Amino acid sequence: EAQVTQNPRYLITVTGKKLTVTCSQNMNHEYMSWYRQDPGLGLRQIYYSMNVEVTDKGDVPEGYKVSRKEKRNFPLILESPSPNQTSLYFCASTGGSRSYNEQFFGPGTRLTVL
Amino acid sequence: AQSVTQLGSHVSVSEGALVLLRCNYSSSVPPYLFWYVQYPNQGLQLLLKYTTGATLVKGINGFEAEFKKSETSFHLTKPSAHMSDAAEYFCAVSVGTSYDKVIFGPGTSLSVIP
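Rules used throughout
- Residues numbered from 1 in each chain as written.
- Chains lettered and ligands numbered in written order.
- Predicted model: local features only at pLDDT ≥ 70, side-chain atom pairs only at ≥ 80, totals over all residues.
- Heavy atoms only, no water.
- Helix = DSSP H or I, 4+ residues; strand = E, 2+ residues; numbered from the N terminus.
- Rg over C-alpha atoms; globule rule 2.2 N^0.38 Å.
- Buried < 20%, exposed > 50% of the residue type's maximum accessible area, 1.4 Å probe, protein only.
- Contact = heavy atoms within 4.5 Å.
- Areas by Shrake-Rupley, 256 points an atom, 1.4 Å probe, with all protein chains shown as cover.
- Lys, Arg positive; Asp, Glu negative; His and termini not counted.
- Charge placed at Lys NZ, Arg CZ, Asp CG, Glu CD.
- 1 Å grid on protein atoms, 1.4 Å probe; cavity = no way out; pocket = protein on both sides within 12 Å on 5 of 7 lines; lining within 4 Å.
- Points joined across faces, edges and corners; volume = space filled by probe spheres on them.
- Nonpolar A, V, L, I, M, F, W, Y, C, P; charged D, E, K, R; others polar.
- Buried area = accessible area lost by both parts, 1.4 Å probe.
- Salt bridge = Lys/Arg side-chain N within 4 Å of Asp/Glu carboxyl O.
- Polar contact = N/O pair within 3.5 Å; in protein donor to acceptor, adjacent residues only side chain to side chain.
- Core = buried A, V, L, I, M, F, W, Y, C linked by side-chain atoms within 4.5 Å.

Draft legend 1. Quick look at the overall build of chain B. The helix and strand inventory of chain B stands at zero helices and twelve strands. Each helix and strand of chain B, ordered N terminal to C terminal, gives the series β-β-β-β-β-β-β-β-β-β-β-β. A compact globule built from 114 residues would reach a C-alpha radius of gyration of about 13 Å, and chain B, at 14 Å, matches this within 12%. A buried classification covers 46% of the 114 residues belonging to chain B. Relative to all contacts within chain B whose residues are 6 or more apart in sequence, the contacts with residues 24 or more apart total 56%. When the accessible surface of chain B is summed, it comes to about 5,200 Å², and 54% of that surface belongs to carbon and sulfur atoms. Taken as two groups, the 7 positive and 7 negative side-chain charges of chain B have centres that lie 6 Å from each other.

Draft legend 2. Structural context of the layout of surface pockets. Of the voids in this model, the largest pocket is the one considered here, and its volume is about 310 Å³. Looking at the largest pocket, it is lined by 17 residues, and the ones nearest its centre are Ala2, Gln3, Val4 and Phe105 of chain A together with Leu44 of chain B. For the lining of the largest pocket, the secondary structure elements donating two or more residues are strand 1 (4-7) and strand 10 (103-105) of chain A together with strand 6 (44-50) of chain B. Classifying every residue of the lining of the largest pocket gives eight nonpolar, seven polar and two charged. Taken as a whole, the second largest pocket encloses approximately 270 Å³ of empty space. As for the second largest pocket, its lining consists of 17 residues, and the residues nearest its centre are Gln37, Asp38, Pro39 and Gly40 of chain A together with Glu88 of chain B. Considered class by class, the residues forming the lining of the second largest pocket number four nonpolar, ten polar and three charged.

Draft legend 3. Expanded view of the interface of chain B and chain A. Contacts between the two partners involve 23 residues from chain B, matched on the other side by 28 residues from chain A. Approximately 2,100 Å² of surface area, both sides summed, lies buried where chain B meets chain A, with 53% of it carried by carbon and sulfur atoms. Across the chain B-chain A interface, the total number found is one salt bridge. Residue glutamate 102 of chain A pairs with lysine 49 of chain B through a salt bridge whose shortest N-O separation is 2.8 Å. In this assembly, chain B and chain A are joined by four residue pairs in polar contact (both at pLDDT 80 or more). Of all the secondary structure elements, the ones that give two or more residues to the side of chain B that touches chain A are strand 5 (32-38), strand 6, strand 10 (87-94) and strand 11 (102-104) of chain B. Of the residues in the side of chain B that touches chain A, the class split is ten nonpolar, ten polar and three charged.

Draft legend 4. View of the environment of leucine 20 of chain B. Residues and elements named next belong to chain B. When you line up the elements, leucine 20 lands in strand 3 (residues 19-21). When the C-alpha positions of leucine 20 and leucine 110 are compared, they lie 9.8 Å apart, and in sequence the two are 90 residues distant. Other than its neighbours up to four places away in sequence, leucine 20 contacts His75, Leu76 and Thr77.

Draft legend 5. Quick peek at the nonpolar core. All names here are of chain B. By size, the foremost hydrophobic cluster in this structure holds 28 residues, and its most contacted members are Trp35, Leu48, Leu76 and Tyr89. For this core, the elements supplying multiple residues, two or more each, are strand 2 (10-14), strand 3, strand 5, strand 6, strand 8 (64-68), strand 9 (73-78), strand 10 and strand 12 (108-113). If you tally residues by element for this core, the top one is strand 10, at four residues. Setting aside anything within four residues of it in sequence, one finds leucine 76 in contact with Val19, Leu20, Leu21, Trp35, Leu47, Leu48, Phe63, Glu64, Ala65 and Tyr89.

Given below as structure tokens:
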């Protein structure tokens, strides 16, 4: 089954404690993104990757890091989480040319930073 | 730059009534337009998309949307609401055929009243 998986689904942590949210896709997609969803703001792109070892900032990259060492995986790293990073996070992937940027989303990770 | 507005952050309809969710976009070039649905505790899934060709697009679960270039709109409709349609709906716009940014609207929460 074609899918994007994220782990963990729910996470409660404290300010300053480094965490990683994993994302994996099995569709051989080159393009992957991380979004955060906040009420009234829709989805905002944090980082994206166009291929292995190629990443770039989205609209709200502050406080986040990513890496793309393998095509299927795109982890999101919060090295020193703060309460304003409490949010719902989605990983997404997009297929190749002529995909018109249709996004395939993971199930989401709800993060609470105390 | 592209942008998306969705009129009404919350819409309530009676079961069996018409569903109309509004989306307007701005884009300097011909856009590709999407509607995504997010059911509680799930990721976003594609309802329908407009890329080229026929301006009336049919999607899953009986939804359809019409691209109106003169009105820069892509409103989502369904003739008869079902309880299972209660969800968050996001309109999105992209301008590239591949690996280009997707801009999401703020979302509309649809409630269906029995």
